[in-house]
Every structure is written in structure tokens, then in C-alpha cells.
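Residue strings, one per chain:
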Amino acid sequence: MQKSNKAILKDIKAVLEFYQALGFERLPLKTIQDTGYKIQDTKSCTMNHASCIVHRASPLNSGQKETALKELRDEIGDCQRCKLSKGRKNLVFGEGSVDAEIMFIGEGPGEEEDIQGRPFVGKAGQLLTSLITKMGFKREDVYIGNIVKCRPSFNRDPEDDEINACLPFIEKQVEIISPKVIVSLGRISTQTLIGMKTPISKIRGHFHTFNDIPLMPTFHPAYLLRNPKDKWLVWEDAQKVLERLNK
Ligand code: SF4
């Protein structure tokens with residue numbers, strides 16, 4: 001069914017407000033024309049778009065996914081598998097919809113996340129939530145996790161032994177949720193998931209795969225807080241993700 005003019009205007013308004021929030025004075029029109037920005041609810045869509053068929057053919061139903069995630073959380077327990085357990089206040093398992101089409105994977109919890117036991121709830125998290133909203137989703141529609149589930153002290157990078165100890169858990173979460181697209185946030189997440197040491201600035205914006213799932217690397221929201229001029233690059237990456245979902 002064709003969108004009404006009112007709905008189209010609402011979509012355009014949402015995009016303009018996003019650019020305004022990012023501090024743009026001029027609109028990068030070429031980007032929008034190139035990508036044909038549109039939002040589609042593949043969960044409820046009854047048409048035979050490829051993405052909707054794949055979604056409906058998901059191997060686990062929602063209840064089975066919830067059970068599997070709970071079992072995984074139980075298996076992790078009061079994890080002492082690496083030295084990050086020593087400094088944590090709370091283990092940050094991850095959160096969101098078990099039927100998420102998009103899974104955002106960051107590096108590890110920061111101070112606020114460690115306190116609350118939830119991923120991306122500090123300033124960088126607010127930026128991520130804003131991006132998710134402007135992509136046409138609610139935060140609770142997507143799934144958000146990290147490579148390591150406990151906070152590295154002083155927000156240092158997680159070390160290889162810590163990543164290796166924790167990686168099987170996020171791998172399992174990806175397998176259970178089976179998203180249509182993964183967005184890896186920042187260098188650590190991207191390099192870990194695609195197994196390449198290429199700088200994030202060179203690798204972002206191009207699809208890779210993780211266990212046969214398309215993966216879009218982009219900058220970490222914490223980087224964007226320090227380098228707001230690069231927000232438009234993340235929005236370009238987000239539009240490629242939306243394009244992929246609408247295929
Ligand atoms: S970071 Fe992962 S492996 Fe290390 S203690 Fe926390 S949950 Fe366990």
C-alpha cells in the first residue's frame with residue numbers, strides 16, 4: 001500500500017529533526033536521494049519481501065529465544081572466567097527484543113552501565129538511542145550487547161584474554177536472536193567480530209559478515225561524543241542498514 005503524503009511528511013520531518021539534533025546547518029541531500037530512505041515493519045508485514053520471509057522463517061520462536069537467553073544468562077552466572085570480574089559492580093548481559101532485526105554490539109560496559117547493569121545507558125548510550133529512534137525503531141525493538149560483559153577499569157580497552165573468555169557469550173546471543181543485520185560499534189567490536197585489524201575509519205560503511213549475518217561496522221557513540229563532525233558518517237552507515245532491511 002502506498003504511503004500517504006502525511007506519512008511521507010512525517011518521515012521527512014523525522015530525518016530533518018535528526019540532522020538538526022546532530023548540528024547540521026545544511027542537509028546532505030545526495031545521501032537521502034541515493035538511499036531512498038524508508039521504514040518498513042518486517043515483523044507485521046504480510047508481503048513477500050525477502051526480509052519479511054526470512055523473519056517469519058526464523059528457526060526459534062520468541063518464547064524459545066527467551067528461554068535460550070535465560071539459560072545462557074544462568075550459564076554465565078556470577079562469572080569469574082576472566083579478570084574483569086574483579087572490578088565489576090554488575091555484569092551487563094545485554095537487553096532488547098528477542099526478535100530484533102538489528103543487533104548493536106559495542107565493546108564493553110562503561111561506568112554508568114556497570115552501575116545500572118544495562119548496556120549503553122550513559123551519554124554515549126543516549127546518542128545510540130537517538131540513532132535507533134531516528135532509524136525508525138524504538139530502543140526496545142533492537143538488541144544491544146557488548147563484546148565483554150564486565151567493565152574494564154578506567155574504561156581501558158579489553159585485553160585479548162578477556163575478549164576470548166567472553167566472546168562465546170555474545171556469539172551465542174547472536175545465534176539465538178538471529179538478527180538480520182549486526183551493527184558493530186567501534187574498533188574493538190568490529191575487529192573482534194570480523195577478525196581483521198583494519199582501522200575502523202577504513203572499514204566502516206561497508207558490509208562484512210559475522211556467522212553469515214550482514215555486519216555493518218560504524219563508529220562507537222563515545223567516539224562521536226568526542227568527534228561530532230563524524231556523526232553524518234554514522235548516519236550514512238545507518239541508512240545502508242535500513243536499505244538492507246528493506247531489500
Ligand atoms: S567479562 Fe565476560 S568472561 Fe569476563 S568475567 Fe565478565 S562475563 Fe565473565
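Our subject is the structure that appears above.
Residues numbered from 1 in each chain as written. Predicted model: local features only at pLDDT ≥ 70, side-chain atom pairs only at ≥ 80, totals over all residues. Heavy atoms only, no water.

A.B. asks: Pulling in residues and values, what's your account of the overall build of the chain?
C.D. replies: Helix and strand counts for the chain come out as 11 helices and six strands. A total of 247 residues make up the chain; the buried ones form 48% of that total. Looking at the chain alone, contacts between residues at least 24 apart form 70% of all its contacts between residues at least 6 apart. Accessible surface for the chain amounts to roughly 13,000 Å². Of this, 53% is attributable to carbon and sulfur atoms. (Helix = DSSP H or I, 4+ residues; strand = E, 2+ residues; numbered from the N terminus. Buried < 20%, exposed > 50% of the residue type's maximum accessible area, 1.4 Å probe, protein only. Contact = heavy atoms within 4.5 Å. Areas by Shrake-Rupley, 256 points an atom, 1.4 Å probe, with all protein chains shown as cover.)

A.B. asks: Tell me about the packing of aromatic side chains, and name the residues and values.
C.D. replies: Inspection of the entire model under this criterion finds one aromatic pair. Aromatic side chains F219 and Y223 sit 4.5 Å apart centroid to centroid with 25 degrees between the ring planes, which places their arrangement in the stacked category. Of the residues examined, F219 reaches a relative accessible area of 7% and is grouped as buried. In this structure, R244 is placed above the aromatic ring of F207, and the distance from its NZ or CZ to the ring centre is 4.1 Å. (Phe/Tyr/Trp six-rings, centres within 6.5 Å; stacked < 30°, edge-to-face > 60°. Lys NZ or Arg CZ within 6 Å of the ring centre and 35° of its normal.)

A.B. asks: Before we move on, could you go through the site of the ligand and cite the residues and values that matter?
C.D. replies: In the neighbourhood of the ligand, the contacting residues comprise C79, R81, C82, L84, S85, R88, L91, K149, C150, A165 and C166. The residue makeup of the shell around the ligand, split by class, is seven nonpolar, one polar and three charged. (Near = heavy atom within 4 Å. Nonpolar A, V, L, I, M, F, W, Y, C, P; charged D, E, K, R; others polar.)

A.B. asks: Now, about a nonpolar patch on the surface: what can you tell me, with residues and values included?
C.D. replies: On the surface, I8, L9 and I12 cluster together into a nonpolar patch covering about 270 Å² of accessible area. Locating I12 in the fold gives a position in helix α1 (residues 5-21). (Patch = residues over 30% accessible without salt bridge, like charges linked within 9 Å, V, L, I, M, F, W, Y side chains within 5 Å. Salt bridge = Lys/Arg side-chain N within 4 Å of Asp/Glu carboxyl O.)

A.B. asks: Break down the pairing of strand β4 (residues 181-185) for me, with residues and values.
C.D. replies: A large share of β4 lies buried, amounting to five of its five residues. What you see with β4 is no split at all: V181, V183 and L185 on one side and I182 and S184 on the other are buried throughout. In this structure, strand β2 (residues 102-106) lies alongside β4, joined through four bridges in parallel fashion. Note that in β4 the partner of M103 across the bridge is I182. (Pairing = 2+ DSSP bridges.)

A.B. asks: With reference to specific residues and values, describe unusual backbone geometry.
C.D. replies: Of note in the backbone geometry, F154 takes a positive phi value of approximately 55 degrees without being a glycine. Of note, F154 is situated in the loop between β3 (143-146) and α7 (160-177). Accessibility expressed as a relative area gives 80% for F154, which makes it exposed. At D212, a residue that is not glycine, the phi angle is positive and equals roughly 70 degrees. Its place among the elements puts D212 in the loop between β5 (208-210) and β6 (213-218). The exposed category is assigned to D212, whose relative accessible area is 74%.

A.B. asks: Just give me the short version of the pattern of salt bridges, but keep the residues and values in it.
C.D. replies: One pass over the structure, following the stated rule, counts 15 salt bridges. As a salt-bridge pair, K83 and E159 come within 3.0 Å of each other at their nearest N and O atoms. Of this pair, K83 sits in the loop between α4 (62-76) and β1 (95-96) while E159 sits in the loop between β3 and α7; the two residues are 76 residues apart in sequence, bridging distant segments of the chain. Among the salt bridges present, the one from K229 reaches D230, with a minimum N-O distance of 3.6 Å. Bridged by salt links that share partners, the residues K83, R156, E159, D161 and E162 form one connected network.

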